[in-house]
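Structure assessment
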Protein chains: 2
Amino acid sequence: MSGGFCRVSSVLCRFSSVFRKRRFVSAGSVRFGSGCQERLCRPLLSGTVDRFGGVTVRDFPPDISEDEFEELLRERRVAVWLHVPISLSRLSAAAARHGFSFHHARRDVAVLSLWAGHGEDRLPAFATHQIGVAGAVVDESNGKVLVVQDRNKTKNAWKFPGGLSDLGENIGETAVREVFEETGIRSEFRSLLSIRQQHNHPGAFGMSDMYLICRLSPLSYDIDFCTQECLRCEWLDLNELAKTGETTPITSRVARLLVYGLEKGFHNIDLTMEQLPAVYSGMFYQLYHRRLPEMHSLQNKDSK
Amino acid sequence: MSGGFCRVSSVLCRFSSVFRKRRFVSAGSVRFGSGCQERLCRPLLSGTVDRFGGVTVRDFPPDISEDEFEELLRERRVAVWLHVPISLSRLSAAAARHGFSFHHARRDVAVLSLWAGHGEDRLPAFATHQIGVAGAVVDESNGKVLVVQDRNKTKNAWKFPGGLSDLGENIGETAVREVFEETGIRSEFRSLLSIRQQHNHPGAFGMSDMYLICRLSPLSYDIDFCTQECLRCEWLDLNELAKTGETTPITSRVARLLVYGLEKGFHNIDLTMEQLPAVYSGMFYQLYHRRLPEMHSLQNKDSK
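Residues numbered from 1 in each chain as written. Chains lettered and ligands numbered in written order. Predicted model: local features only at pLDDT ≥ 70, side-chain atom pairs only at ≥ 80, totals over all residues. Heavy atoms only, no water.

An unreviewed UniProt entry lists chain A under the name Nucleoside diphosphate-linked moiety X motif 6, with Anabarilius grahami given as the organism.

For the rest of this paragraph, the subject is unusual backbone geometry. All names here are of chain B. Although it is not a glycine, Arg-107 sits at a positive phi angle of roughly 55°. Take Arg-107: it is sitting in the loop between strand 4 (101-106) and strand 5 (109-114). Unusually for a residue other than glycine, Phe-205 sits at a positive phi of about 55°. With respect to the helices and strands, Phe-205 occurs in the loop between strand 9 (187-198) and strand 10 (208-218). By relative accessible area, which is 27% here, Phe-205 ends up partly exposed. (Helix = DSSP H or I, 4+ residues; strand = E, 2+ residues; numbered from the N terminus. Buried < 20%, exposed > 50% of the residue type's maximum accessible area, 1.4 Å probe, protein only.)

Mapping chain B onto chain A calls for a rotation angle of 180° and an axial translation of 0.0 Å; the resulting RMSD is 0.1 Å. The transformation just described matches what one would write down for a two-fold rotation axis. Relative to the rotation axis, the closest C-alpha in chain B is found at Arg-90 of chain B, a distance of 2.1 Å. The overlap is high: 99% of the interface residues of chain B also sit at the interface in chain A, so the same surface is used on both sides. (Least-squares fit on C-alpha atoms with pLDDT ≥ 70 in both. Contact = heavy atoms within 4.5 Å.)

Further remarks concern the environment of Cys-230 of chain B. All names here are of chain B. Locating Cys-230 in the fold gives a position in strand 11 (residues 230-237). Remark: the alpha-carbon pair of Cys-230 and Gln-149, spanning 81 residues in sequence, is separated by 5.6 Å. Ignoring any residue separated from it by four or fewer positions in sequence, one finds Cys-230 in contact with Val-148, Gln-149, Arg-151, Glu-182 and Phe-225.

Quick look at the sheet that holds strand 5 of chain B now. Residues and elements named next belong to chain B. Read across the sheet, five strands follow the order 1-2-3-5-4 without closing on themselves; strand pairing throughout is mixed. Looking at which strands have only one partner, the edges of the open sheet turn out to be strand 1 (46-49) and strand 4. Taking each pair of neighbouring strands and ignoring which way they run, the sheet shows an average axis angle of 25°. In this sheet, strand 2 (residues 55-59) lies alongside strand 1 in antiparallel orientation, the contact comprising four bridges. For Gly-47, the partnering residue across the bridge sits in strand 2 and is Val-57. (Pairing = 2+ DSSP bridges. Axes fitted to C-alpha atoms, helices over the stretch in contact; angles between N-to-C directions.)

And the structure:
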């Protein structure tokens, strides 16, 4: 422990092997303290180092005292991430006394961070947006669209059924699920029609909201709506929805898009979706953009 | 405290006045414990009640002991939100012993929640997505677009400059800011071109990623790129970018869209943005969708 990596501070004593294995992209700008006090060199905490030199500690001995923990924290000299189990939350208070703050928390782990590099905090932020999705289910045979009125809103206005995306759920999946839960109508995803971004959204815990409206095709027609969520649910004429004042501005706008789509072709208003493989293993992403006349042949070229 | 609201549990003793003031949407499904033990009725904790009957506690006496706190928690009978300051994190461990878990945390406060209603947890989730935005700055005079190669990626591929949105930042603002920070080019927002959704995104702390590419117009042309972030930065011919293998699939796809836009008009590929007033006071949102020939006259109707 007394070689080159003993520049690694006491809190990081066991990190030395990790340092050796991993490549530092910006090693020059990373400093790890000024010495290794033998007293603290017992392997109390272990962690990993990211490519920016940030250290992440995930494992804490359950019996570590706040005093011991603080002693270790005092020596840190680099961006540090602490994954503190909820049962050891007392350590978060101790870390806060050394400048740490909450980066995020979920379920039974809080993640604290400390930027100790030069200049302003360059740590990546946690998620900032909730995603809400609504589905405009259009019955092309009669020009009607499925709309609901919320039970829990003071002003009752026609809107498309929808709700928040669950973690890991695709936009289209949310639309289809929410439409079914609220109205009993089964449907399938066709395209993305509009995106709204709103900050300080009420009910977003100080975060922002992205609200997307999709075009769906009905697979069933008999309404069986959720009386807990909805006051009314109907198949409404699109022209009527586009004109009524008894709706929200966005619903009205999208109704007008849909009227145009019904008349002139939905390709005029659609953002179509494609699922593509991500660069890293086994994952896919969904890409939405305008489909051009040329895209079909381009796609064929893509797959060659 | 012995009237109807003494059904409110001991932890909620001081809530009774709040209950009286606020309307319960689903009061029938909310139960608040079975009695009020005088011993616990001193006003240790106060809180507010939301329209679903959920209770939020934000103020904790700094000297409250874990034992006292747990005694209070034992009596709760409703969805409860605890906003625990980082300095009192020991209370989070105590709450966890009663079934609470982290809902989210930011800076110096952790928010814990407990769903004690009927059926599955119906508490709204925290933000699930980070938002990344890239800007395709197109010089219409010569058909070139501004591209960079990342310094920190192993495979160097041309891509549009971009990065994560700060909290509260609009999509277009992020694009313009990131383009300037990475390349030194000043630009202005024109439209949204594509949206990618990806789950389990690396670097998103287990959350999802929404990556949007905007079309920007240049306001300056002399590149002065950030050598910390970029290896190379150039104005590249759009046709070349659309054909090269030295790029990412999404960049290639958007380059093809832009080639088409240059030739046939950007209205074929754009989602244009409008800022509209939100229903609640003083806020605005940004709405993106296809602009139709009719939209201009529709907008005039809107403003009447």
